[in-house]
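# Summary of the model geometry
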Amino acid sequence: MKKILITGVAGFLGSHLADRFLKEGFEVIGMDNLLTGNMENISHLMPLKEFDFHHYDVTKFVHVSGNLDYILHFASPASPIDYLKMPIQTLKVGALGTHNLLGLAKEKSARILVASTSEVYGDPLEHPQKETYWGNVNPVGPRGVYDEAKRFMEAITMAYNNFHNVETRIVRIFNTYGPRMRMDDGRALPTFFSQAMKGEDITVFGDGSQTRSFCYVDDLVEGIYRLLLSDHHEPVNVGNPHEITINQAAEEVIKLTGSNSKIIHTALPKDDPKVRQPDITKAKTILGWEPKISREEGLKRTYEYFKTKV
Ligand code: UDP
């Protein structure tokens, strides 16, 4: 039985990845310091003998006994309000945490996949974003703590690949949504659902003409699964290229929930990227992957989940 370590396992993506790898017959060790993770996301896994949970902070030396085949490093605060509240932890888990896990991968001869982000492209001057684009990031702006931690993550991961011959994979994740997102994580979709379901005003930041491209979580997990098992060590975008404005996202949530909420426009946060859309040619070519779940279907499933939370 193959053994995989997943960091950030109690988070949105980590918990879905744990589900998937358990389903594929892996033994899963999950780590989380529960800074932004939630045990509810993995409570259904706790009784399984193939699943082992460690309440642990991976910015400290990480030890796992016995053999280990794979590592997925998904621990990090990941929404703008979270990393604004926890800037140092965000930098540490992306930098020191990644270093520790690369060291563990080297020690165990394990393959490691790290969760990078479209934020490495910053406020992009190339659109859509291809993996070859170097980005437009403000290192000292409010998002710098996340963006630069992830850029360092990519750099040290490539260095371990080149210098120590560790088998590495880098996924650049674009906006993802679905069940188990925290309703209060401050991101656009959970916030809009929460507001619409409570009949509160929908807060669109700025004029709402900024764009994002939202990928349903199951599609993302499939892309990550394929990338881990591929032999490609350079970064790969995984996201849904269907781009919409934030105004459109707000309207879709209002329509789906049948809410009477009105859209109001508030200040645009500093350095908020104006556009974002993945070019997924590489994922299509190398992984034979593309998203399958429409936004209509994905939003419906997400709404069903949020209904159980309000
Ligand atoms: N946004 C918004 N209202 C909110 C939360 C977010 O208009 O209550 C906007 C935000 O300014 C950004 C977009 O929605 O332009 C996506 O924000 P999110 O925090 O979901 O993720 P980001 O892609 O910015 O990391």
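Presented here is an overview of the structure given in this document. (Residues numbered from 1 in each chain as written. Predicted model: local features only at pLDDT ≥ 70, side-chain atom pairs only at ≥ 80, totals over all residues. Heavy atoms only, no water.)

Okay, the nonpolar core next. One finds Ile4, Phe21, Val28, Phe51, Leu72 and Phe74 to be the most contacted residues of the largest nonpolar core, which totals 59 residues. Counting residues per element, this core draws most heavily on helix α6 (residues 217–229), which supplies 7 residues. Those residues in contact with Phe74 that lie beyond four places of it in its chain are Thr7, Gly8, Leu13, Leu17, Leu113, Ala115, Val171, Ile173 and Ile224. With 23 residues, the next largest nonpolar core counts Leu5, Met31, Ala110 and Ile112 among its residues. (Core = buried A, V, L, I, M, F, W, Y, C linked by side-chain atoms within 4.5 Å. Buried < 20%, exposed > 50% of the residue type's maximum accessible area, 1.4 Å probe, protein only. Helix = DSSP H or I, 4+ residues; strand = E, 2+ residues; numbered from the N terminus. Contact = heavy atoms within 4.5 Å.)

The next point concerns the site of the ligand. Surveying the vicinity of the ligand reveals 18 residues, the closest of which are Thr203, Phe205, Arg212, Asp272 and Arg276. The side chain of Arg212 places a nitrogen or oxygen atom 2.7 Å from an oxygen atom of the ligand. Within the complex, 96% of the 510 Å² of free accessible area of the ligand lies under protein. Secondary structure elements with two or more residues in the shell around the ligand: α5 (188–198) and β8 (202–205). Among the residues making up the shell around the ligand, the classes are represented as 7 nonpolar, 5 polar and 6 charged. (Near = heavy atom within 4 Å. Polar contact = N/O pair within 3.5 Å; in protein donor to acceptor, adjacent residues only side chain to side chain. Areas by Shrake-Rupley, 256 points an atom, 1.4 Å probe, with all protein chains shown as cover. Nonpolar A, V, L, I, M, F, W, Y, C, P; charged D, E, K, R; others polar.)

According to the stated counting rule, one finds 11 aromatic pairs in the structure shown. An angle of 20 degrees between the planes, with centres 5.8 Å apart, marks the rings of Phe193 and Tyr303 as stacked. Pair noted here: Phe193 is in helix α5 and Tyr303 is in helix α9 (residues 295–307), with a separation of 110 residues, a long-range link. Taking relative accessible area as the criterion, Phe193 reaches 0% and is therefore assigned buried. Exposure remark for Tyr303: the relative accessible area of 14% places this residue in the buried category. In this structure an aromatic cluster arises from ring pairing among Phe21, Phe26, Tyr70 and Tyr225. Its end group placed over the ring of Tyr225, Arg20 keeps NZ or CZ at 4.3 Å from the ring centre. Above the ring of Tyr303, the side-chain terminus of Lys307 is found at 4.5 Å from the ring centroid. (Phe/Tyr/Trp six-rings, centres within 6.5 Å; stacked < 30°, edge-to-face > 60°. Lys NZ or Arg CZ within 6 Å of the ring centre and 35° of its normal.)

As a further point, take the packing of helix α7 (residues 246–257) against α9. Orientation of α7 relative to α9, taken along the N-to-C sense of each, is 60 degrees, at an axis distance of 11 Å. What the angle tells us is that α7 and α9 run oblique. With respect to the hand of their crossing, α7 and α9 are arranged in right-handed fashion. Taking contact as the criterion, the partners of Gln248, Glu252, Leu256 and Thr257 in α7 are, on α9, Arg295, Leu299, Lys300 and Tyr303. (Axes fitted to C-alpha atoms, helices over the stretch in contact; angles between N-to-C directions. Parallel < 35°, antiparallel > 145°, perpendicular 65-115°, else oblique. Left-handed = near helix turned anticlockwise from the far one by under 90°.)

Geometrically, the link from His127 to Pro128 is a cis peptide bond, its omega value of -10 degrees lying close to zero. Relative to the assigned elements, Pro128 resides in the loop between β5 (111–117) and α4 (144–164). In this structure, Asn165 is a non-glycine residue whose phi angle is positive, near 55 degrees. Examined against the element boundaries, Asn165 turns out to sit in the loop between α4 and β6 (168–173). With phi around 85 degrees, Arg180 is a residue other than glycine that occupies positive phi space.

It is worth spelling out α4 at this point. The end-to-end C-alpha distance of α4 is 28 Å, a good match for the 30 Å that 21 residues give at a rise of 1.5 Å each. Asn165 sits one or two positions beyond α4 and adopts a positive phi of about 55 degrees. (Expected span 1.5 Å × (residues − 1).)

A sheet is described by the order of its strands in space; here 7 strands give the open sequence β3-β2-β1-β4-β5-β6-β11, paired in parallel fashion. Of all the strands in the sheet, just β3 (51–55) and β11 (236–238) have a single pairing partner and so form its edges. Going across the sheet, the axis of each strand differs from the next one's by a mean of 20 degrees, ignoring polarity. Pairing analysis gives 3 bridges linking β6 to β11, with the strands arranged parallel. Bridge pairing in β11 links Val171 to Val236. (Pairing = 2+ DSSP bridges.)

Moving on to the pairing of strand β2 (residues 27–32). Within β2, 5 of the 6 residues are buried, which leaves it mostly tucked inside the rest of the structure. In this sheet, β2 lies alongside strand β1 (residues 3–7) in parallel orientation, the contact comprising 5 bridges. Opposite Thr7, over in β2, you have Met31 as the bridge partner. Once you follow β1 into helix α1 (residues 12–23) and on to β2, the crossover reads as right-handed. Of the strand pairs in this sheet, β2 and β3 are connected by 5 bridges, and their pairing is parallel. Bridge assignment links Met31 to a residue of β3, and that residue is His54. (Right-handed = clockwise from strand over helix to strand, strands pointing away.)

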